[in-house]
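Analysis of the macromolecular model
Listed below are the residues making up each chain.
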Amino acid sequence: MHVIGVDAYPLGWVAVELRDGAFLRAMLTSSLYEVVAGGSGVSVIGVDIPLGMLPDRWRAADALAADTLGPRRSSVFRVPPRAVWDQTDFAGANRLCKELTGQGLSRQSWALRPKLLEANIIWERHPGLLFEAHPEVSFRAMAGAPLAYPKKSWAGQVKRRGLLARHGIVIPDEIGPAGQAPPDDVLDAAAVAWSAQRVATKVAGSYPDPPERHDAGPIAIWY
């Protein structure tokens, strides 16, 4: 069984592919389409990007996921309604977000707009192929508790790499061009691949349960 986990990073996407739950390769691409096109025979592609937005409110899945993370809860950002992402500039998006939800939009969230829209187009065109997964929720599931150290710290990266190895995903020191990506993005992609493996083998759970739904399909964060 082949699955892929994908994480966005400043220059594009970093992906980790697993075969039968073990590390196969890591990749860098400029678009998510390249990952999908190159993933022949892949059962599931997990992505650390929001898939599906509600028409007029925040998603419950994000708040529920954050509640499980303790000191790492800030790693989950709330996803504004769909119409906010349809705006073409931050000022308009922020204004509409306040009108619909009573709260504004962060610039950090807005910076994800191109990748979020790309991922959602693929998700809608290829039902069942892409699943949303949050790497910090995945690591929490591996450890059985929220992690004490942030992912960019030395202790945090050692812990996360160890958790992956304990669950059969041993990332080699040499991973080719993907080694140019920040270490935490590679580890996040591997954690999302672990969740994709669980989804493919129907081991995974979801937040909420059953998933909240809207016109385009289910909204859930898998772990």
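As the structure is a prediction and not an experimental result, all values here were calculated from the model. (Residues numbered from 1 in each chain as written. Predicted model: local features only at pLDDT ≥ 70, side-chain atom pairs only at ≥ 80, totals over all residues. Heavy atoms only, no water.)

**Section: the overall build of the protein**
- The secondary structure content of the protein amounts to 9 helices and 7 strands.
- A globule of 223 residues ought to have a C-alpha radius of gyration of about 17 Å, and the protein, at 17 Å, matches this closely.
- Of all 223 residues assigned to the protein, the portion counted as buried reaches 51%.
- Nonlocal contacts in the protein, meaning residues at least 24 apart in sequence, comprise 64% of its contacts between residues at least 6 apart.
- Surface summary for the protein: the accessible area is close to 10300 Å², and the carbon and sulfur share equals 54%.
- Computed over 24 positive and 23 negative side-chain charges, the inter-centroid distance for the protein is 4 Å. (Helix = DSSP H or I, 4+ residues; strand = E, 2+ residues; numbered from the N terminus. Rg over C-alpha atoms; globule rule 2.2 N^0.38 Å. Buried < 20%, exposed > 50% of the residue type's maximum accessible area, 1.4 Å probe, protein only. Contact = heavy atoms within 4.5 Å. Areas by Shrake-Rupley, 256 points an atom, 1.4 Å probe, with all protein chains shown as cover. Lys, Arg positive; Asp, Glu negative; His and termini not counted. Charge placed at Lys NZ, Arg CZ, Asp CG, Glu CD.)

**What to know about unusual backbone geometry**
- Phi at Asp20 takes a positive value of approximately 50°, unusual for a residue other than glycine.
- Tracing the backbone shows Asp20 in the loop between strand S2 (12–19) and strand S3 (22–29).

**Focus on helix H4 (residues 90–101)**
- Taking 1.5 Å of rise per residue, 12 residues should cover 16 Å, and H4 covers 16 Å from first to last C-alpha, within 8% of that figure.
- Listing the buried residues of H4 in full gives Phe90, Gly92, Ala93, Asn94, Leu96 and Cys97.
- Those residues of H4 that are buried lie in contact with helix H3 (82–85) and helix H5 (107–110). (Expected span 1.5 Å × (residues − 1).)

**Side note on the pattern of salt bridges**
- Enumeration according to the criterion identifies 10 salt bridges in this entry.
- Among the salt bridges present, the one from Glu132 reaches Arg59, with a minimum N-O distance of 2.8 Å. With Glu132 in strand S5 (residues 130–132) and Arg59 in the loop between strand S4 (42–47) and helix H2 (60–67), this residue pair connects regions lying 73 residues apart in the sequence.
- Judged by its relative accessible area of 3%, Arg59 is buried.
- For Arg82, the salt bridge identified is with Asp86, shortest N-O distance 3.4 Å.
- Classification of Arg82 as partly exposed rests on a relative accessible area of 30%.
- Residue Asp86 is classed as partly exposed on the basis of its relative accessible area of 45%.
- Residues joined in a network through salt bridges with shared partners are Arg59, Asp62 and Glu132. (Salt bridge = Lys/Arg side-chain N within 4 Å of Asp/Glu carboxyl O.)

**Quick word on the packing of aromatic side chains**
- Per the stated rule, a full pass over the model turns up 1 aromatic pair.
- Sitting over the face of the ring of Trp58, Arg78 holds its NZ or CZ atom 4.0 Å from the ring centroid.
- The aromatic ring of Phe139 is capped on one face by Arg160, whose charged end is 5.7 Å from the ring centroid. (Phe/Tyr/Trp six-rings, centres within 6.5 Å; stacked < 30°, edge-to-face > 60°. Lys NZ or Arg CZ within 6 Å of the ring centre and 35° of its normal.)

**Overview of the sheet that holds S3**
- An order of S3-S2-S1-S4-S5 is seen for the 5 strands of this open sheet, with the pairing classed as mixed. Two strands close off the open sheet at either side, each with one partner strand: S3 and S5. The mean angle between the axes of side-by-side strands here comes to 25°, regardless of whether they run parallel or antiparallel.
- Pairing of strand S1 (residues 2–9) with S4 involves 5 bridges; the strand directions are parallel. Following the sheet pairing, Gly5 is matched in S4 by Gly46. (Pairing = 2+ DSSP bridges. Axes fitted to C-alpha atoms, helices over the stretch in contact; angles between N-to-C directions.)

**Things to note about helix H8 (residues 154–166)**
- Given a rise of 1.5 Å per residue, 13 residues ought to cover 18 Å, and the 18 Å separating the end C-alpha atoms of H8 matches this to within 8%.
- Taken residue by residue, H8 has Gly156, Gln157, Arg160, Leu163 and Leu164 as its buried positions. The buried side chains of H8 occupy one side of the element, clustering within an arc of 125° when seen end-on. When the buried face of H8 is taken as reference, the exposed residues oriented beyond 90 degrees from it are Trp154 and Arg166.
- For H8, the secondary structure elements touched by its buried residues are helix H7 (135–143) and helix H9 (183–200).
- Positive backbone phi, approximately 90°, marks Gly168, located one or two places after H8. (Arc of directions from axis to C-beta.)

**Notes on the nonpolar core**
- By size, the foremost hydrophobic cluster in this structure holds 32 residues, and its most contacted members are Ile4, Val6, Leu32, Ile45, Val47 and Leu130.
- Broken down by secondary-structure element, the contributors of at least two residues to this core are S1, S2, helix H1 (32–37), S4, H3, H4 and helix H6 (113–125).
- Counting residues per element, this core draws most heavily on H6, at 5 residues.
- Here Ile45 is in contact with Ile4, Val6, Val36, Leu129, Leu130 and Phe131, once residues within four sequence places are set aside. (Core = buried A, V, L, I, M, F, W, Y, C linked by side-chain atoms within 4.5 Å.)

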